[in-house]
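# What the coordinates show
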Amino acid sequence: MQASLPNLLQRLHHGAVAWLHSWWRLLHFAVLMFSVALTPSSYGRDKRPVLAAHLVADTAPNLAWYGVMSALVSLVLIRIVVVTSLSYGLSRFALEMVVRVLVLELIPLTAAAFVALRTTLPAGLEFAQNRAADREVTAQEMHNDFFPRVAAGIFAVWMLAAVSCVLTLILAYLSLYGFTPWALTGYTRVVGQVFNPAVTLILVLKIVFFSLAVGLIPMASSFYFGASYRNKVTHGLSDMVRLFAVILLIEVASLMGNYY
């Protein structure tokens, strides 16, 4: 027992140091990407085609699939909320519940998870496997390889969240009032009451932080990887855990800002 306690403490120390080091590397990579994003040469004539290609490739397929999926799920949830509200005599609160549950909470969260699982995590691991081991990253690689992939992941979350929020608001109106323009005044008044300045700011910040986590975390490991494929797979799994832990923390913070 006396011999195992120092070993346990040593393992805890090494684990804590490795954990802090991984977050420090992520912060360092984020600063590098922001510096590249603020450099005008990153958007030069020779770099625009690569950036545009990544933006389209990471956004267009996800937008089609996620748009269909979010529309179907939204219709089901809207129907559940409406029927439940009617059964309890709370029909006047149905629209507000739909907006708060779907637009403010579920859609940004699912958009970030969808882009991460479908695009950024697999792309980050694949890019890491194709990189040469233990080689310094040049400035050209930062501009041509890393920055377009990070920007594409961030932009995909923005686009999916924005389109899905608008689509859900339209579906909510049609589900509650049908194809009539006479309910627009009451509908916009209720939606406007939900989207007060504080709630709108929290929603925008949540989507921005979701997108930064989805775009930066998978590519950070590609920036620091060694030669072992096993290590790359391990980093891919740790990236997934780290990414969803960050998303969960952001979601908890947004809930506290909205309801406390």
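Residues numbered from 1 in each chain as written. Predicted model: local features only at pLDDT ≥ 70, side-chain atom pairs only at ≥ 80, totals over all residues. Heavy atoms only, no water.

## Some words on the UniProt feature "transmembrane region" (unreviewed entry) in the protein chain
Following the UniProt record, one finds the feature "transmembrane region" (unreviewed entry) at residues 23-43, 63-86, 98-117, 150-177, 198-220 and 240-259. What you have in residues 240-259 is 100% helix and 0% strand, and the ends, taken at the C-alpha atoms, are 28 Å apart. (UniProt positions renumbered as here; feature names shortened; annotations may be inferred. Helix = DSSP H or I, 4+ residues; strand = E, 2+ residues; numbered from the N terminus.)

## Some points on the packing of aromatic side chains
Tallied over the full model, the rule gives six aromatic pairs. Judged by centre distance (5.9 Å) and plane angle (85°), the rings of Y43 and F147 are edge-to-face. You can see Y43 sitting in the loop between α1 (4-37) and α2 (48-87) and its partner F147 sitting in helix α4 (residues 139-177), a full 104 residues away along the chain. The buried category is assigned to F147, whose relative accessible area is 7%. Ring centres of Y177 and Y187 lie 6.4 Å apart, and the angle between their planes is 85°; on these two criteria the pair is classed as edge-to-face. (Phe/Tyr/Trp six-rings, centres within 6.5 Å; stacked < 30°, edge-to-face > 60°. Buried < 20%, exposed > 50% of the residue type's maximum accessible area, 1.4 Å probe, protein only.)

## Here we look at the side chain of K47
Checked against the element boundaries, K47 lands in the loop between α1 and α2. When its relative accessible area of 17% is taken as the criterion, K47 is described as buried. Here K47 is in contact with S41, S42, H143 and N144, once residues within four sequence places are set aside. (Contact = heavy atoms within 4.5 Å.)

## Structural notes on a nonpolar patch on the surface
Among the surface-exposed residues, L248, V252, L255, M256, Y259 and Y260 lie close enough to one another that they form a single nonpolar patch of about 670 Å² accessible area. Checked against the element boundaries, L248 lands in helix α7 (residues 229-259). (Patch = residues over 30% accessible without salt bridge, like charges linked within 9 Å, V, L, I, M, F, W, Y side chains within 5 Å. Areas by Shrake-Rupley, 256 points an atom, 1.4 Å probe, with all protein chains shown as cover. Salt bridge = Lys/Arg side-chain N within 4 Å of Asp/Glu carboxyl O.)

## A word on the side chain of T168
The topology assignment puts T168 in helix α4. Reaching out from T168, the side chain makes a polar contact with the side chain of S74 at a distance of 3.3 Å. With residues near it in sequence (within four places) discarded, T168 still touches S74, I78, L102, V103 and I107. (Polar contact = N/O pair within 3.5 Å; in protein donor to acceptor, adjacent residues only side chain to side chain.)

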